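So the chains spell out like this:
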Amino acid sequence: MNGRETKEELPAGVSVEEIVIPVPWGHVAGRWWGPRNKQPLIAIHGWQDNAGTWDNLIPQLPGNTSVLAIDLPGHGLSSHYPSGMLYYVFWDGIVLLRRIVRHFRWEKISLIGHSLGGALSFMYAASYPDEVDRIICIDIASPAVRPPDNMVLATGWSINKLLDYEKLTEDKIPCYEYEEMIDIVVDAYKGSVSRENCKVLMKRGMSPAPSNAKKQGFYFKRDPRLKVSGLAMMSIETALEYASQIRCKVLNIRAIPGQNWERLDYYTKIIDKLKETTDVTYMEVEGTHHVQLNAPENICNIIEDFLEEY
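About the criteria used
- Residues numbered from 1 in each chain as written.
- Predicted model: local features only at pLDDT ≥ 70, side-chain atom pairs only at ≥ 80, totals over all residues.
- Heavy atoms only, no water.
- Pairing = 2+ DSSP bridges.
- Helix = DSSP H or I, 4+ residues; strand = E, 2+ residues; numbered from the N terminus.
- Axes fitted to C-alpha atoms, helices over the stretch in contact; angles between N-to-C directions.
- Contact = heavy atoms within 4.5 Å.
- Buried < 20%, exposed > 50% of the residue type's maximum accessible area, 1.4 Å probe, protein only.
- Polar contact = N/O pair within 3.5 Å; in protein donor to acceptor, adjacent residues only side chain to side chain.

S.K.: I'd like a description of the sheet that holds strand β6 (residues 132-138), backed by residues and values.
M.R.: One open sheet accounts for eight strands, arranged β1-β2-β4-β3-β5-β6-β9-β10; its pairing is mixed. Among the strands making up the open sheet, the edge pair consists of β1 (16-23) and β10 (280-288). Between one strand axis and the next, the sheet turns by 20 degrees as a mean value, whatever way the strands run. Relative to β10, strand β9 (residues 249-258) is paired through nine bridges, and the arrangement is parallel. Of the residues in β10, the one forming a bridge with Ala255 is Val285. Sheet contacts for helix α2 (residues 116-127): β3 (41-44), β5 (109-114) and β6; angle to β5, the most-contacted strand, approximately 150 degrees.

Below is the structure:
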């Protein structure tokens, strides 16, 4: 937590509980919204974000909606991977979701994901096509698609940075005053997240500096190794093959202007491929890439209708 938190204020009738799911390297943290006596929609955040990305949207959904919002490994309040391990965020996420399904002994699930979380929803639905009812993907259609030459050129740099981050001892972690840290976060999101909503994310994204730090204040909780977790991207051909395996209902919400996609045609190719084999609802809404956090009112009715329809 960030050391500045006050008691969480929720709308009347809205409840949320912090939970912990054991995993071999520690735990995965989550926020379980709504009833605990029904299977929840699993909510997955974007790269370097955390479960707080849903804090503004979920309270606007019907009160009987049950949602489990998780912090992916290395994010938010979840355990970091052990020293010496690498993050392959797309592939790791599929393994993690499978662990969660087995932990709760669920037979069929529904998923909602933003950015990386949407990519994981897509991949899980393709990997287990008979075990997913529906997926909701916000401002993403598939995992990040990169041309082979791009992936090859990034390999050496990524490995060097990873090994550099391994040398970052606790006493050398950069620390900042609270408002200074929020300034950094606002700048990093480049307008996608408002200052107030950066503070929402940082409830799970920052902590008081360790006592042996050179400078007191706050530090980012996420694992710095996540910055170089892109060693396992995929080609458009691979993404299209995954798309061909999906059989569940799909809601894809693209924000406008949203993300500045290098290859928007890849996005549309995935949507077109999905439409060949399953029922796809594709919607464009006004908003930044983090529309679920910055303007949840623009998508809550769309999501509610989709959840009620099936």
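S.K.: Explain the pairing of β5 to me, and be specific about the residues and the numbers.
M.R.: Along β5, six of the six residues are buried, which leaves the element largely enclosed by surrounding structure. Side-chain alternation along β5 places Ile109, Leu111 and Gly113 on one buried face and Ser110, Ile112 and His114 on a second face that is also buried. By the bridge criterion, three bridges tie β3 to β5 in an arrangement that is parallel. The residue of β5 that forms the bridge with Ile42 is Leu111.

S.K.: Go over the environment of Arg36 with me, naming the residues and quoting the values.
M.R.: When you line up the elements, Arg36 lands in the loop between β2 (26-33) and β3. In this structure the C-alpha to C-alpha distance between Arg36 and Val16, which are 20 residues apart in sequence, comes to 9.6 Å. Within the structure, the side chain of Arg36 is placed 3.0 Å from the side chain of Glu17, a separation counted as a polar contact.

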